[in-house]
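# Structural description and commentary
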Amino acid sequence: MEKIRINMLSSADKVDGQGVGSAYLEQVNLIKEGAGDRFEVTINGSMDCDIQHIHTVDPQNYLKMKASKAASVAYVHFLPDTLDGSIELPKAVFKIFKKYVIELYKAADYLIVVNPIFMDALAKYGIKREKMVYIPNYVSKDDFYRKPKEEVNALRDRYGIAHDAFVVIGVGQVQTRKGVLDFVEVAKQRPDITFVWSGGFSFGRITDGYEELKKIVDHPPVNVKFIGIIPREQMNDIYNIADVLFMPSYNELFPMAILEAVNLHKPLLLRDLALYEDILFHNYLAGKDNTEFAQLLTQLQNDPQFYQKSEAMSQAISDYYSKENVLRIWIDFYTKVHEAHQAELKRKKRRYHRKKNQS
């Protein structure tokens with residue numbers, strides 16, 4: 001059987017500390033390692049392929065998609081509205097960029113959404129629902145796993161954290177949208193808990209709220225550590241240090257940090273947002289405000305049965321997003337895209353010959 005040629009178009013791994021980069025690397029490795037007998041994968045290659053899969057919205061990727069005769073697939077890692085609270089740009093520039101993103105999404109033959117709730121939002125931009133496909137993110141259990149207690153203690157020593165400390169981590173870029181300010185405020189309410197934020201200013205001074213956030217990062221409360229951008233190959237160490245993953249984000253699609261942490265069965269404490277319901281099946285703790293966040297952390301710290309129940313909920317998420325399940329979805333999707341595109345090319349060829357014969 002001849003392999004289907006897929007060209008992955010991405011610059012996601014050029015900026016450290018982005019979930020998009022993690023999602024891109026995981027997806028590419030999943031296809032290469034799990035379905036190498038069916039697909040031939042190239043990275044930022046030529047237009048001579050069967051499927052162009054756009055992972056990032058770079059203008060050069062858009063131009064390659066428009067110029068290619070291949071089927072086109074675009075990942076929806078963000079909606080224009082989710083950029084609010086992430087980066088600060090002049091209003092005119094922001095407006096043009098948002099319009100460009102929508103045009104790219106409209107131009108693709110298929111859109112991959114990592115959370116089905118955003119199909120409604122895309123439809124409001126005039127994008128056809130029949131081109132939207134839900135395929136969840138995936139994280140390898142070979143890379144994210146629990147380490148023995150002795151190794152965890154050594155890691156805590158490295159970061160200056162007591163062996164018996166109750167540790168809460170947040171993961172992501174330091175942005176207003178990520179709820180970093182709330183993370184710090186909850187830490188102030190619980191001075192007996194150690195709070196660690198892994199992530200930094202991936203986009204520098206254009207980060208929304210940069211000046212205020214920079215002051216906090218440089219001068220945090222005594223029980224808060226901002227450890228900066230950690231290379232992804234070291235992030236498993238950070239999850240092992242933690243007792244809880246706390247993500248007070250105001251807007252997300254499907255954070256890779258959640259999938260990474262649940263592989264270690266770490267309890268999840270998230271903001272009470274509808275976007276999590278269809279992808280995490282209520283297997284997480286949800287708070288509406290900082291008071292509820294602090295109360296739930298207290299319960300996790302002091303109630304062993306409650307903590308164990310929360311661990312079991314995370315394990316259920318991890319089991320659902322297995323390698324085998326997500327790989328099967330991708331194989332079926334790419335195969336159907338290729339077959340549909342080949343059939344369309346044959347129809348166009350027949351129409352061309354009919355017109356030629358009639359003339």
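First, a word on what this report is: a plain description of the structure on this page. (Residues numbered from 1 in each chain as written. Predicted model: local features only at pLDDT ≥ 70, side-chain atom pairs only at ≥ 80, totals over all residues. Heavy atoms only, no water.)

Helix and strand counts for the protein chain stand at 13 helices and 12 strands. The C-alpha atoms of the protein chain give 22 Å as radius of gyration, which agrees with the globular expectation for 359 residues (21 Å, within 12%). Seen through its C-alpha atoms, the protein chain measures out along the principal axes to roughly 85 × 45 × 30 Å. Burial status across the protein chain gives 53% buried among its 359 residues. A separation of at least 24 residues holds for 71% of the contacts in the protein chain among residues at least 6 apart in sequence. Carbon and sulfur atoms form 51% of the exposed surface of the protein chain, whose accessible area is close to 17,100 Å². Of the charged side chains in the protein chain, 48 are positive and 47 negative, and the gap between their average positions amounts to 10 Å. (Helix = DSSP H or I, 4+ residues; strand = E, 2+ residues; numbered from the N terminus. Rg over C-alpha atoms; globule rule 2.2 N^0.38 Å. Buried < 20%, exposed > 50% of the residue type's maximum accessible area, 1.4 Å probe, protein only. Contact = heavy atoms within 4.5 Å. Areas by Shrake-Rupley, 256 points an atom, 1.4 Å probe, with all protein chains shown as cover. Lys, Arg positive; Asp, Glu negative; His and termini not counted. Charge placed at Lys NZ, Arg CZ, Asp CG, Glu CD.)

Glancing now at the side chain of Asn240. With respect to the helices, strands and loops of the structure, Asn240 is situated in helix 8 (residues 235–241). Here Asn240 falls in the buried class, since its relative accessible area comes to 5%. Polar contacts involving the side chain of Asn240 include one to the main-chain carbonyl oxygen of Asn236, which spans 2.8 Å. (Polar contact = N/O pair within 3.5 Å; in protein donor to acceptor, adjacent residues only side chain to side chain.)

Let's shift gears to the packing of aromatic side chains. Under the definition given, this model contains 20 aromatic pairs. In textbook terms, an aromatic cluster arises when at least three aromatic residues are bridged by ring pairs, as seen for Phe39, Tyr75, Tyr110, Trp330, Phe333 and Tyr334. Against the face of Tyr250 rests Arg271, its NZ or CZ located 3.9 Å from the ring centre. (Phe/Tyr/Trp six-rings, centres within 6.5 Å; stacked < 30°, edge-to-face > 60°. Lys NZ or Arg CZ within 6 Å of the ring centre and 35° of its normal.)

On to the sheet that holds strand 8 (residues 194–198). Consider a sheet: its strands pair through backbone hydrogen bonds, and that pairing is either parallel or antiparallel. Here we have 6 strands laid out as an open sheet, ordered 9-8-7-10-11-12, and parallel in their pairing. Looking at which strands have only one partner, the edges of the open sheet turn out to be strand 9 (224–228) and strand 12 (285–287). Neighbour-to-neighbour, the strand axes of the sheet open up by a mean angle of 25°, direction not taken into account. Direction of pairing for strand 7 (residues 167–171) relative to strand 8: parallel, over a ladder of 5 bridges. Considered in strand 8, the bridge of Val171 is made with Ser198. Packed onto the sheet, helix 11 (residues 290–302) meets strand 7, strand 8, strand 10 (244–247), strand 11 (268–271) and strand 12 and runs at close to 150° relative to strand 12. (Pairing = 2+ DSSP bridges. Axes fitted to C-alpha atoms, helices over the stretch in contact; angles between N-to-C directions.)

What follows concerns the pattern of salt bridges. Going through the model one piece at a time under the given rule, you end up with 18 salt bridges. Salt-bridge contacts for Asp218 lead to Lys214; the nearest nitrogen and oxygen are separated by 2.8 Å. Of the two residues, Asp218 and Lys214 both sit in helix 7 (residues 210–218), 4 residues apart, roughly one turn of that helix. Of the residues examined, Asp218 reaches a relative accessible area of 41% and is grouped as partly exposed. Each of Arg5, Asp48 and Asp50 takes part in salt bridges that share partners, so that together they form one network. (Salt bridge = Lys/Arg side-chain N within 4 Å of Asp/Glu carboxyl O.)

It is worth spelling out the nonpolar core at this point. If you look at the biggest cluster of nonpolar residues, it comprises 85 residues, and the most contacted ones within it are Tyr105, Tyr239, Leu245 and Trp330. Ranked by residues supplied to this core, first place goes to helix 13 (residues 323–358) with 7 residues. Leu245 has contacts with Ile169, Val171, Tyr239, Ala257, Ile258, Ala261, Pro267, Leu268 and Leu269, leaving out every residue within four places of it along the chain. (Core = buried A, V, L, I, M, F, W, Y, C linked by side-chain atoms within 4.5 Å.)

This part takes up the sheet that holds strand 5 (residues 110–113). A sheet is described by the order of its strands in space; here 6 strands give the open sequence 2-1-3-4-5-6, paired in parallel fashion. At either margin of the open sheet sits one strand with a lone partner, and together these are strand 2 (39–43) and strand 6 (132–134). Going across the sheet, the axis of each strand differs from the next one's by a mean of 25°, ignoring polarity. Both strand 1 (residues 4–9) and strand 2 contribute to a ladder of 5 bridges, which runs parallel.

In the contact formed by helix 2 (residues 59–67) and helix 3 (residues 91–107), the axes pass within 11 Å of each other and the chain directions differ by 30°. The pairing of helix 2 with helix 3 is recorded here as roughly parallel in orientation. Pair helix 2 / helix 3 crosses with left-handed handedness. Residues Pro59, Tyr62, Met65 and Lys66 of helix 2 touch helix 3, and the partners they reach there are Tyr100, Glu103, Leu104 and Ala107. (Parallel < 35°, antiparallel > 145°, perpendicular 65-115°, else oblique. Left-handed = near helix turned anticlockwise from the far one by under 90°.)

Moving on: unusual backbone geometry. Residue Asn44 is not a glycine yet carries a positive backbone phi of 50°. By the secondary structure assignment, Asn44 is in the loop between strand 2 and strand 3 (51–54). Look at Phe281: it is not a glycine, yet its phi comes out positive at around 55°. If you trace the backbone, Phe281 turns up in the loop between helix 10 (277–280) and strand 12. Phe281 gets classed as partly exposed once you look at its relative accessible area, which sits at 33%.

Looking at helix 2, one finds that the buried residues are Asn61, Tyr62 and Met65. For helix 2, the angular spread of buried residues about the axis comes to 100°, placing them on one side. Facing away from the buried side of helix 2, by more than 90 degrees, are the exposed residues Pro59, Leu63 and Ala67. Considering only its buried residues, helix 2 is in contact with strand 1, strand 3, strand 4 (71–76) and helix 3. (Arc of directions from axis to C-beta.)

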